[in-house]
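# Coordinate inspection notes
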Amino acid sequence: MEKEVKPAASLNGILNPPPDKSISHRSALFAALSDDVSIIQNYSVAADPQSTLSCLRKLGVGCEQVGGETTIKISGVGRDGFSKPAELLDCGNSGTTMRLLGGILAGAGVPSVLTGDESLSSRTMKRIIDPLIDMGCRISGRQGLYAPLQIERHDGVKGIKFPLPIPSAQLKSAVLLTGLFGEEPTEVIEKIQSRDHTERLLELHSEVSDVGRIIRSSRTDRIPAQTYTIPGDFSAAAFWLVAGVIHANSSIELKNVGINPTRTAVISILEEMGASFHFENMRAEGKEPVADILIHSAELNAINPDPALFPNCIDELPILMVAMCFAEGRSIIRGAEELRHKETDRLAAMAEIFNRSGAKIELTPDGMVIDGNRDFRPKSATYPTWHDHRIAMASAILASKSKSHSLIENAECTAISYPDFWDHLNELTYAFKE
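Parameters at a glance
Residues numbered from 1 in each chain as written. Predicted model: local features only at pLDDT ≥ 70, side-chain atom pairs only at ≥ 80, totals over all residues. Heavy atoms only, no water. Salt bridge = Lys/Arg side-chain N within 4 Å of Asp/Glu carboxyl O. Helix = DSSP H or I, 4+ residues; strand = E, 2+ residues; numbered from the N terminus. Buried < 20%, exposed > 50% of the residue type's maximum accessible area, 1.4 Å probe, protein only. Pairing = 2+ DSSP bridges. Contact = heavy atoms within 4.5 Å. Axes fitted to C-alpha atoms, helices over the stretch in contact; angles between N-to-C directions. Phe/Tyr/Trp six-rings, centres within 6.5 Å; stacked < 30°, edge-to-face > 60°.

What follows deals with the pattern of salt bridges. With the rule as written, the count across this model stands at 31 salt bridges. Between lysine 287 and glutamate 203 there is a salt bridge, with its nearest N and O atoms 3.1 Å apart. Taken together, the residues lysine 287 in the loop between β17 (277-285) and β18 (288-296) and glutamate 203 in the loop between α6 (197-202) and β13 (206-209) connect sequence positions 84 residues apart. A relative accessible area of 40% places lysine 287 in the partly exposed class. Residue class for glutamate 203 comes out partly exposed when judged on its relative accessible area of 47%. The residue aspartate 315 makes a salt bridge to arginine 390 at a minimum N-O spacing of 3.8 Å. Of this pair, aspartate 315 sits in the loop between β19 (300-301) and α9 (317-325) while arginine 390 sits in helix α11 (residues 389-399), placing them 75 residues apart in sequence. Judged by relative accessible area, aspartate 315 falls into the buried class, the value being 11%. Within the structure, one salt-bridge network assembled from shared partners comprises Arg195, Asp315, Lys342, Glu343, Arg346, Asp388 and Arg390.

Structure follows, in structure tokens:
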């Protein structure tokens with residue numbers, strides 16, 4: 001499916017971003033691990049979190065809609081209550097599903113096979129396979145690297161001390177979830193903090209030491225029910241943060257957005273570039289901070305962001321690159337090699353998008369050099385997406401500043417994380433430049 005994007009004169013309106021995808025995954029998985037019944041409100045209807053629910057049902061976990069499609073009742077089966085699935089566990093496009101559920105099933109020793117679509121099956125799973133084997137689990141992958149992942153029964157989980165080789169919330173979570181099945185504690189040590197939803201929602205013990213932040217898990221940890229309302233997804237909100245800033249005469253209000261400090265580095269970067277955001281109605285939903293965010297137009301300046309911030313904005317880097325195209329001066333991104341290992345090689349993908357738009361960029365092995373201009377007007381173009389939802393949405397925001405109409409290929413891929421993206425873009429784009 002192709003989507004036409006018209007050049008917008010301004011973007012104004014009020015939006016409710018979709019439910020947080022990262023928290024949706026975790027809420028369902030942790031509710032299944034609990035011995036209690038959980039009522040999760042505002043659960044994401046996007047494809048990835050729905051893959052998590054589908055897998056849990058195949059494992060004998062009761063997951064049902066109550067009071068509407070976004071309110072989910074999950075009857076937890078506890079650590080030892082998962083049934084051996086009668087068929088493959090299809091994780092779709094969701095790396096979070098595969099890595100976190102893989103950690104749980106490997107720890108529980110449930111014979112199973114986790115598979116995924118072509119994109120997911122090309123993404124390495126070695127990062128979780130190696131430490132889980134060290135913990136005594138029996139888990140293997142195709143060529144030792146890729147899905148399908150084969151999990152078998154084991155003789156018991158042993159605790160390990162695991163310094164995170166990269167700041168990855170998925171890797172951290174997989175190891176901690178496996179650690180929940182061990183009598184002795186598992187310690188994950190991170191020098192650079194990644195997303196902390198897992199620790200928050202499971203109420204795991206953590207401390208800061210000379211070697212870094214240490215998070216522990218073991219069978220002694222009681223897994224709490226996951227009854228709360230999931231906040232709006234900050235990663236989805238980031239597209240409107242940038243769109244509102246780069247368009248003149250714009251004013252956007254985003255309601256009920258999660259503002260977990262391990263997710264919001266892009267705000268700090270945009271503020272350093274000259275943007276200004278206002279937060280209202282600040283509160284907590286479950287274990288997560290939430291607020292309404294007000295966005296207005298701004299004149300941006302180039303920046304060389306600190307790579308230490310990237311673990312807390314890795315998903316937002318493509319749209320942040322779009323902002324840099326409209327910032328005065330040269331922006332340099334270094335230390336973002338992890339983008340090459342996402343749903344697609346997002347560095348190469350964004351370079352192709354920018355080349356088609358006429359932006360002045362240089363692709364580097366671990367980042368990009370962007371010569372921005374506040375008066376930059378992208379060419380009318382047809383943009384490929386490689387079926388990557390974030391590339392599609394970043395291209396759409398870029399195209400909304402174009403001289404004429406542009407096309408986004410395979411636009412339906414936005415449903416992976418943001419099913420209403422195109423409707424929301426149309427709601428905001430009430431005035432067009434023809």
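So, on to the sheet that holds strand β9 (residues 138-142). Pairing between the strands of a sheet is mediated by backbone hydrogen bonds and can be parallel or antiparallel. Strand order across the open sheet formed by four strands is β7-β8-β10-β9, with mixed pairing between neighbours. In this open sheet, the two edge strands, each paired with only one partner strand, are β7 (89-90) and β9. Bridge count for β9 against strand β10 (residues 146-152) is five bridges, and the pairing is antiparallel. For serine 140, the partnering residue across the bridge sits in β10 and is glutamine 150. The sheet contacts of helix α4 (residues 126-134) involve β9 and β10, and relative to β9 the element is tilted by about 155 degrees.

Spatially, the four strands line up as an open sheet ordered β5-β6-β4-β15, and their pairing is mixed. The outermost strands of the open sheet, each flanked by one partner alone, are β5 (62-65) and β15 (228-229). In this sheet, strand β6 (residues 72-75) lies alongside β5 in antiparallel orientation, the contact comprising four bridges. Considered in β6, the bridge of glycine 62 is made with serine 75. Across the sheet, helix α1 (residues 21-33) lies against β4 (37-41), β6 and β15, angled at about 165 degrees from β4, the strand it touches most.

If you walk through the whole model with that rule in mind, you get six aromatic pairs. With centroids separated by 5.0 Å and ring planes inclined at 80 degrees, the aromatic side chains of phenylalanine 421 and tryptophan 422 adopt a geometry described as edge-to-face. For tryptophan 422, a relative accessible area of 7% translates into the label buried. Linked through ring pairs, Phe239, Trp240, Tyr418, Phe421 and Trp422 together constitute an aromatic cluster.

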